[in-house]
Structure formats: C-alpha cells, structure tokens
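One-letter residues, chain by chain:
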Amino acid sequence: MAAAVGTPAPTQTRIAAAAGREPVAMRPLSGGCNAEVRRVEFAEGAPLVAKLAPEGGLALEAWMLAYLAEHSRLPVPRVVLGDDDLLLMTWIEGGGALDDSAEEHAADLLAELHGVTQGRFGMERDTLIGPLAQPNGEMDDWRDFFAERRLVYMGRLARDSGHLPAETLRLVESVAKRLPDLIDPPHAPSLVHGDMWGGNVLARGGRIAGFVDPAIYYADAEVELAFATLFGTFGEPFFRRYRELRPLSPDFFELRRDVYNLYPLLVHTALFGGHYGASVRRIAERFA
C-alpha cells in the first residue's frame, strides 16, 4: 500500500493494526495545539481520527477520554489506540451550529457530568490542559486546591514563559490568598471536562454529538461554567436549562465567574501571551 501523503509508513502500519483495516488516506484537520490531527479514511467503514505527537503526551489524553467513558455518560470519542505518540479515536460527525437546542442539550449533559463526584478535589493522577501540565494532587479544601494547583501554579508558569509580568503574578498570588473571602466551598467535588471552549464541543442537528480534548479533574462545577462563558461557548439557553437541573451560586455571574476564569486566562497567557495577560491583570486588580 502506498504511504499516505506526509505520513511515515510505520504510523500507517500501527493504525492498520489497531483498526483492523488499511487506511487509504489521511487528511489534515484543524485543532490540536500539541499534536497533528488527521482524519483517517478507509475503503470501507467509518473514518477515524488520529493525533500524532512525536514528542509524546497523547497517552494521557487517551486516559482522560477513557476515564470519562467509564465514569460518565458524556459523549466522547472511543479510544482505539492510546500510545504516547499516536492517539487513534472514533470519528464524531460535528459541524453543526451550537443553536439554542444544542445549548440546552449541552446543559443536560454537563449537569449530569457534574453529578459525578468523589471525596476530594483533584484527581488520582495529573492531567493536561492543552499541552500544559495540570497538577491534580488531591486536597480536601477546594479553595486551597484552586489557589495552589491552579492560580499560583499556572501564574508562575506564565511568568516563566515570559508572558506574565512579575507584578501581575503578585496580584494573582494575592487573589489566591483571598479565595476564602471570595468563594464558598462547593458541596462536593464534581467531575469536569475542564476545557470548555467552543472548538471542543461538536454539535449536529440541534444536539451535542461529542466533547473532545478534555482536561479532567474533580472541582467546583462552576469552574466549567465560567470557562464556558469566557469565549462565548454557551449563553442564556444553556444557563437557563442548567439552572433547572443544578443550582448556581447567586453571585456566579457577578463574582465567581471572573475569579474562576483567571485560570484559563493564565493558561492562554502561558501559551500565547498577548492580550490575555492584560485580562489577567484586570481581573486580579479587582480581587487582590
């Protein structure tokens, strides 16, 4: 069989062995900040999705997808092969709009996900958010966890990347110390997808077809909801339906949303710099 364009034969061989059929084409897909993403096509049967990362890291993504599949009913790709440099998954047909109906369905799915709980915040192992390490050493107190494992950790990573001034990091550290004054602890640690921007939500025909690229851990569920507002993933239809299923803190939109969005903003600052650091400073100045 002729090698697909731009793909070494050994990769094709591994895909064929895992899928039980020979690929005939591999077409580039958008997305994947830590790997190449390709649609793998076969002469017969459904396509698959392959992520290729010569420097590794994909076994952890495979573990996260398998964890969601085992512990929840969230629709995620099924892992066919989960090697560190090659992740092969089932194809989810998306391409539809996140219209009101799809947002309401997303609320149903995420409310159910957030009903999956455990006794401590964090996770049995560290995970990833994009290409960045996400430390999950378990803790009993949510505010301590969010301060140490999220704000301070990612703030220092952003500073070390050269994208966050030391003065802004000091403000972030001040917010971390003030968390007991800013947020009440949640009732229980909830399982979250962890990376709820629109590119990770696949919709079709007014329904959610699947969620991809997780960054899972057990958290205050409102960190997920906050992230969903940061880049306009979900709006009023989602929150109206979610409120019917699970309570929201009275000050979520006025206070907690911005506090929680410091974390994804720090992630984006560490990765990309630019205006994200200014957004971190604006929020940190408000709460420091």
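Since the model is a prediction, treat every value here as computed from it, not as a measurement.

About the criteria used
Residues numbered from 1 in each chain as written. Predicted model: local features only at pLDDT ≥ 70, side-chain atom pairs only at ≥ 80, totals over all residues. Heavy atoms only, no water. Helix = DSSP H or I, 4+ residues; strand = E, 2+ residues; numbered from the N terminus. Rg over C-alpha atoms; globule rule 2.2 N^0.38 Å. Buried < 20%, exposed > 50% of the residue type's maximum accessible area, 1.4 Å probe, protein only. Contact = heavy atoms within 4.5 Å. Areas by Shrake-Rupley, 256 points an atom, 1.4 Å probe, with all protein chains shown as cover. Lys, Arg positive; Asp, Glu negative; His and termini not counted. Charge placed at Lys NZ, Arg CZ, Asp CG, Glu CD. Phe/Tyr/Trp six-rings, centres within 6.5 Å; stacked < 30°, edge-to-face > 60°. Pairing = 2+ DSSP bridges. Core = buried A, V, L, I, M, F, W, Y, C linked by side-chain atoms within 4.5 Å. Expected span 1.5 Å × (residues − 1). Axes fitted to C-alpha atoms, helices over the stretch in contact; angles between N-to-C directions. Salt bridge = Lys/Arg side-chain N within 4 Å of Asp/Glu carboxyl O.

Asks: For this particular structure, what's the right way to read the overall build of the protein?
Replies: Counting secondary structure elements, the protein contains 9 helices and 11 strands. Taking 288 residues into account, the globule formula puts the C-alpha radius of gyration at 19 Å, and the protein, at 20 Å, falls close to it. Along the three orthogonal principal directions, the C-alpha set of the protein runs to about 65 × 45 × 35 Å. Out of the 288 residues in the protein, the part that is buried amounts to 51%. Put simply, of all contacts in the protein between residues at least 6 apart along the chain, 66% involve residues at least 24 apart. Carbon together with sulfur atoms contributes 49% to the accessible area of the protein, which is approximately 12,600 Å² in total. Within the protein, one finds 29 positive and 40 negative side-chain charges whose respective centroids are separated by 2 Å.

Asks: Please clarify how the packing of aromatic side chains should be interpreted in this entry.
Replies: Here the distance between the centres and the angle between the planes together describe a pair of aromatic rings. This model, assessed by the stated rule, comprises 16 aromatic pairs. Taking the centre distance of 6.4 Å and the plane angle of 80° together, the rings of tyrosine 67 and tyrosine 218 count as edge-to-face. With a gap of 151 residues between them, tyrosine 67 in helix H2 (residues 58-71) and tyrosine 218 in strand S11 (residues 217-219) connect regions that are remote in the sequence. Each member of the pair, tyrosine 67 as well as tyrosine 218, is classed as buried. Taking 5.1 Å as the distance between ring centres and 70° as the angle between the ring planes, the aromatic pair formed by phenylalanine 239 and phenylalanine 253 counts as edge-to-face.

Asks: Where do I start with the pairing of strand S4 (residues 79-82) in this structure?
Replies: Regular strands have side chains that alternate between both faces of the sheet. In this structure, S4 lies alongside strand S5 (residues 86-90), joined through 3 bridges in antiparallel fashion. For glycine 82, the partnering residue across the bridge sits in S5 and is leucine 87. Hairpin geometry of S4 and S5 is characterised by an intervening segment of 3 residues between the two adjacent antiparallel strands.

Asks: I keep staring at the nonpolar core and nothing clicks. Help me out?
Replies: One recurring pattern in soluble globular proteins is that nonpolar side chains are buried together. Counting residues in hydrophobic clusters, the biggest one holds 84 residues, and the most contacted among them are Trp142, Phe146, Leu151, Leu191 and Phe238. Examining the composition of this core, we find that 9 residues originate from one element, helix H8 (residues 252-272), more than from any other. When near neighbours in sequence (up to four residues on either side) are disregarded, phenylalanine 238 contacts Glu103, Ala106, Ala107, Leu110 and Leu225.

Asks: How do you make sense of helix H3 (residues 100-114) when you look at a structure like this?
Replies: Compared with the 21 Å implied by 1.5 Å per residue over 15 residues, the 21 Å span of H3 between its first and last C-alpha is a close match. Every buried residue of H3 is accounted for by Ala102, Glu103, His105, Ala106, Ala107, Leu109, Leu110, Ala111, Leu113 and His114. Of the surrounding elements, those touching the buried residues of H3 are H2, strand S8 (190-192), strand S9 (201-204), strand S10 (207-211), helix H6 (222-230) and helix H7 (236-245).

Asks: Would you take a moment to explain the sheet that holds S4 for this structure?
Replies: Strand-to-strand pairing in sheets goes through backbone hydrogen bonds, with the strands running parallel or antiparallel. Taken in spatial order, the 5 strands make up an open sheet running S1-S2-S3-S5-S4, and their pairing is antiparallel. Edge positions in the sheet fall to strand S1 (23-29) and S4, since each of these pairs with one other strand and no more. On average, each strand axis in the sheet is inclined to that of its neighbour by 20°, with strand direction left out of account. Relative to S5, strand S3 (residues 48-52) runs antiparallel, the two being bridged by 5 bridges. Paired with valine 49 across the bridge in S5 is methionine 89. Its contacts with the sheet put H2 on S3, S4 and S5, and the angle it makes with S5 is roughly 30°.

Asks: Any chance you could explain the pattern of salt bridges here in plain terms?
Replies: Proximity of charged atoms lets side chains of opposite charge pair with each other. Taken as a whole and judged by the stated rule, the model has 23 salt bridges. Measuring nitrogen to oxygen at the nearest pair gives 3.0 Å for the salt bridge that ties aspartate 140 to arginine 120. Of this pair, aspartate 140 sits in the loop between strand S7 (132-134) and helix H4 (142-160) while arginine 120 sits in the loop between H3 and strand S6 (127-129), and the two are 20 residues apart along the sequence. Using a relative accessible area of 59% as the deciding quantity, one classes aspartate 140 as exposed. Salt-bridge contacts for glutamate 285 lead to arginine 281; the nearest nitrogen and oxygen are separated by 3.0 Å.

Asks: Mind showing me how you'd approach unusual backbone geometry here?
Replies: As a rule of thumb, non-glycine residues mostly have phi less than zero, and peptide bonds are mostly trans rather than cis. Phi at aspartate 213 takes a positive value of approximately 50°, unusual for a residue other than glycine. Assignment of secondary structure puts aspartate 213 in the loop between S10 and S11.

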